[in-house]
Amino acid sequence: MKLLTSMSFGLIIVATPAAAIETCRFIEAKAERETCYHRQEQELAAKRRPEQPVTRSSESKTFDQLQLMRRDDEEVYRSMRGICRGC
């Protein structure tokens, strides 16, 4: 009996958000339907995790890595100039 009760309670919790999404579709009045969709959109936006803001330290780290890569590229290009390619 407890198993049946807990399973039905779990089903109600899982089915409630899906039922809320389906109810907007069947609203006849356009204004009410749009309001319902807007409310759902706000709820979904609240559930989403906000993006990580770019910090100054991560920007400077990326810039430093790019400068290091550019220096390495310049060294490789200088060493390649000394190689005879058609001798």
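Preceding this section is the structure that the text describes.
Parameters at a glance
- Residues numbered from 1 in each chain as written.
- Predicted model: local features only at pLDDT ≥ 70, side-chain atom pairs only at ≥ 80, totals over all residues.
- Heavy atoms only, no water.
- Disulfide = S-S within 2.5 Å.
- Helix = DSSP H or I, 4+ residues; strand = E, 2+ residues; numbered from the N terminus.
- Buried < 20%, exposed > 50% of the residue type's maximum accessible area, 1.4 Å probe, protein only.
- Patch = residues over 30% accessible without salt bridge, like charges linked within 9 Å, V, L, I, M, F, W, Y side chains within 5 Å.
- Areas by Shrake-Rupley, 256 points an atom, 1.4 Å probe, with all protein chains shown as cover.
- Salt bridge = Lys/Arg side-chain N within 4 Å of Asp/Glu carboxyl O.
- Lys, Arg positive; Asp, Glu negative; His and termini not counted.
- Charge placed at Lys NZ, Arg CZ, Asp CG, Glu CD.

Tell me about the state of the cysteines, and name the residues and values.
For the coordinates displayed, the defined rule picks out 1 disulfide. Each disulfide pairs two cysteine sulfurs, and for Cys24 the partner residue is Cys36, the sulfurs being separated by 1.6 Å. Between Cys24 and Cys36, the S-S torsion sits near -60 degrees, and that sign places the bridge as left-handed. Of the two residues, Cys24 is situated in helix H1 (residues 2-25) and Cys36 in helix H2 (residues 30-47); the sequence distance between them amounts to 12 residues. Residue classification places Cys24 among the buried residues on the basis of a relative accessible area of 0%.

Please give an account of a negative patch on the surface that cites residues and values.
Side chains of Asp72, Asp73, Glu74 and Glu75 sit close together on the surface and give a patch of like negative charge. Mapping Glu75 onto the fold places it in helix H3 (residues 56-81).

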